[in-house]
Amino acid sequence: MSSPLPCRFCGTPLAHTLVDLGRQPLANSYLTAEALAAGTEQSYPLHARVCHACFLVQVDDVVPAEAIFAADYAYFCSYSASWVEHARRYAEAMAERLALGPESLVVEVASNDGYLLQHFVAMDVPVLGVEPAAGTAEAARARGVPTDVAFFNEATAVALAARGVRADLMAANNVLAHVPDISAFVAGFPHVLKPDGVLTFEFPHLLNLIEQVQFDTIYHEHFSYLSLGTVALIFADAGLRVWDVEELPTHGGSLRVYGCHAHDDRQQTAAVTRVLAAEDAAGLRSLATYERFQSRAELLKDDLLVFLIEEKRRGRRVAAYGAAAKGNTFLNFAGVRPDLLRYVCDAAPSKIGKYLPGSHIPILPPSHLREDRPDVVLILPWNIRDEVSAQLAFIREWGGRFATAVPALSVVA
Ligand SMILES: [Zn+2]
């Protein structure tokens, strides 16, 4: 038997499972008809563990980096209207709170196509994006957002600092959970941050994953699942500290953590104390909480399977909506195939005509629902359930009902 893997933050051997989701293909590797026929789909163990020293929840790093790159086709954040709006509100709030102006500098790490920094540019606040994908960096420059093509880490940060780059605000939103070497990533920030500068990180909150059994937010490219308590440890290790936090509704419940240099004399806000206390009350610093999770995830899986089988036996037809990563983790854990779930509808032209990884369920345009008139539409991205059920309200014309499987099976007319 091989020795346990070390924690990707503190190095402690990982001895405790959060949830073992079996072998799964990459959650974003949608298949063309040709790829499906070729039968060459790869799958990898998807096993989340918790470190008993720092309580970082993490998935085993078992997928070759080139396979992740091949699956993560260039994603342009600007294609999502709700993300651009989230970014605009962020930029306005930060410009006001930190009194940013023409003498300031905002640096965003993993700045994508400039969807966020463009809002600072519009307010005459100088910006610099750091983005590893050349194609998205080019799109950012085309909209007037200066962007370096680089992976951000301590070495990159030292090079930026040597060039005189000093930031009043550094943003890394929805990046922290996706970097394999979390310590080297965070260690870069103190080099670029001005002595009184502020950084903000956004990430899905582990508290919601645990409390609402969001096991389907676990996938191979999402390396770390973070609580405020663990982020505070990671910050301290890098010479930083947490001084404020906000709770956001994005991704089923996220945190926006505000950091500064450890020596900065900013007051820590009451929100930090409140969120840390909520994490303690939910048992996030107790191993027993994590050890119960596998059976809670299996209960949700079993409930969905029983429901799908019962509907089939009664001659009712079930379709799904939303070809999202989280749906793939759930369907593949449950072993759902097209005999139980005939197709999934999605509005993204890049996905229509393809097949979900693992389950091989075909992806059809939303208009197909009107032709097929299914009895039930299972909404896979439960975090946008209200938005989807409003868009698809027409299924009620033929008595169609909506179902979601997280945090518990729910079927509503
Ligand atoms: Zn650890």
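For the structure, see preceding data.
These figures come from a predicted structure and were not determined experimentally. (Residues numbered from 1 in each chain as written. Predicted model: local features only at pLDDT ≥ 70, side-chain atom pairs only at ≥ 80, totals over all residues. Heavy atoms only, no water.)

A.B. asks: Before we move on, can you summarise the overall build of the chain with the specific residues and values?
C.D. replies: The number of helices and strands found in the chain is 16 helices and 17 strands. Here the C-alpha radius of gyration of the chain, 22 Å, is about what a compact globule of 413 residues would show, namely 22 Å. Seen through its C-alpha atoms, the chain measures out along the principal axes to roughly 65 × 50 × 40 Å. Taken across its 413 residues, the chain has 54% of its residues classed as buried. When contacts within the chain are restricted to residue pairs at least 6 apart in sequence, those whose partners lie at least 24 apart make up 68%. One way to put it: in the chain the 34 positive side-chain charges average out to a point 6 Å from where the 47 negative ones average out. (Helix = DSSP H or I, 4+ residues; strand = E, 2+ residues; numbered from the N terminus. Rg over C-alpha atoms; globule rule 2.2 N^0.38 Å. Buried < 20%, exposed > 50% of the residue type's maximum accessible area, 1.4 Å probe, protein only. Contact = heavy atoms within 4.5 Å. Lys, Arg positive; Asp, Glu negative; His and termini not counted. Charge placed at Lys NZ, Arg CZ, Asp CG, Glu CD.)

A.B. asks: Requested: an account of the pairing of strand 4 (residues 106-109), with residues and values cited.
C.D. replies: Both faces of strand 4 are covered, namely the face carrying V106 and E108 and the face carrying V107 and V109. Summarising the sheet, strand 4 and strand 5 (residues 127-131) pair through four bridges and their orientation is parallel. Pairing of V109 across the sheet is with V130, part of strand 5. Once you follow strand 4 into helix 4 (residues 117-122) and on to strand 5, the crossover reads as right-handed. Of the strand pairs in this sheet, strand 4 and strand 7 (residues 167-173) are connected by three bridges, and their pairing is parallel. Paired with V106 across the strands is L169, a residue of strand 7. (Pairing = 2+ DSSP bridges. Right-handed = clockwise from strand over helix to strand, strands pointing away.)

A.B. asks: Tell me what's going on with the coordination of the zinc ion, and back it up with residues and numbers.
C.D. replies: Protein ligation of the zinc ion involves C7 (SG), C10 (SG), C51 (SG) and C54 (SG), the donor distances falling in the range 2.3 Å. Taken together, the four donor atoms coordinating the zinc ion and their angles of 101 to 119 degrees define a geometry best described as tetrahedral. Counting gaps between the donor residues of the zinc ion yields the pattern C-x2-C-x40-C-x2-C. Remark: C51 occurs in the loop between strand 2 (44-50) and strand 3 (57-59) and C7 occurs in the segment before strand 1 (16-24); sequence separation between them is 44 residues. Here C7 matches C51 in class, with each residue buried. (Donors = N, O, S within 2.8 Å, 3.2 Å for Na, K, Ca; no water. Tetrahedral: all angles 85-135°; square planar, octahedral: opposite > 155°, others 65-115°.)

A.B. asks: Pulling in residues and values, what's your account of the packing of aromatic side chains?
C.D. replies: The geometry of two aromatic rings is summed up by the distance between their centres and the angle between their planes. In this structure the tally under the stated criterion is 12 aromatic pairs. Relative to F185, the ring of F152 lies with its centre 5.7 Å away and its plane at 75 degrees, an arrangement referred to as edge-to-face. Taken together, the residues F152 in the loop between strand 6 (147-149) and helix 6 (154-162) and F185 in helix 7 (residues 182-186) connect sequence positions 33 residues apart. For the residue pair F152 and F185, the accessibility class agrees, reading buried in each case. Seen in terms of ring centroids, F215 and F330 are 4.9 Å apart; in terms of plane orientation they differ by 45 degrees. Their pairing is tilted. With F215 in the loop between helix 9 (206-211) and strand 9 (224-225) and F330 in helix 14 (residues 325-334), this pair connects stretches of sequence that are 115 residues apart. (Phe/Tyr/Trp six-rings, centres within 6.5 Å; stacked < 30°, edge-to-face > 60°.)

A.B. asks: How would you sum up the nonpolar core? Please name residues and give values.
C.D. replies: Counting 50 residues, the largest nonpolar core has L18, F215, I218, Y290, V336 and L341 as the members making the most contacts within it. Only strand 1, strand 2, strand 3, helix 9, helix 13 (293-313), strand 12 (318-321), helix 14 and strand 15 (376-379) provide two or more residues apiece to this core. When residues of this core are assigned to their parent elements, the largest contribution, seven residues, is made by helix 13. Not counting chain neighbours up to four residues away, the residues in contact with V336 comprise L305, L308, L331, L341, S359 and I361. Counting residues in hydrophobic clusters, the runner-up holds 44 residues, among them C7, L128, V165 and A238. (Core = buried A, V, L, I, M, F, W, Y, C linked by side-chain atoms within 4.5 Å.)

A.B. asks: Describe the packing of helix 13 against helix 14, and please don't skip the residues or the numbers.
C.D. replies: Interhelical geometry of helix 13 versus helix 14 gives an angle of 80 degrees and a closest axis separation of 10 Å. Here helix 13 is positioned roughly perpendicular relative to helix 14, judged by the angle of their axes. Residues Q294, A297, E298, L300, K301, L304 and L305 of helix 13 pack against F330, F333 and A334 of helix 14. (Axes fitted to C-alpha atoms, helices over the stretch in contact; angles between N-to-C directions. Parallel < 35°, antiparallel > 145°, perpendicular 65-115°, else oblique.)

A.B. asks: Give me the side chain of H16: which residues, what numbers.
C.D. replies: Its location among the elements puts H16 in strand 1. Within the local environment of H16, its side chain forms a polar contact with the side chain of E291, the two groups lying 3.2 Å apart. (Polar contact = N/O pair within 3.5 Å; in protein donor to acceptor, adjacent residues only side chain to side chain.)

A.B. asks: Go over the side chain of R256 with me, naming the residues and quoting the values.
C.D. replies: Within the element layout of this structure, R256 appears in strand 11 (residues 254-261). A residue is classified by how much of its surface remains accessible, and R256, at 6% relative accessible area, is buried. A distance of 2.8 Å separates polar atoms of two side chains, one belonging to R256 and the other to E202. Ignoring anything within four residues of it in the chain, the contact list for R256 reads H86, Y90, T200, F201, E202, D244, V245, E246 and L248.

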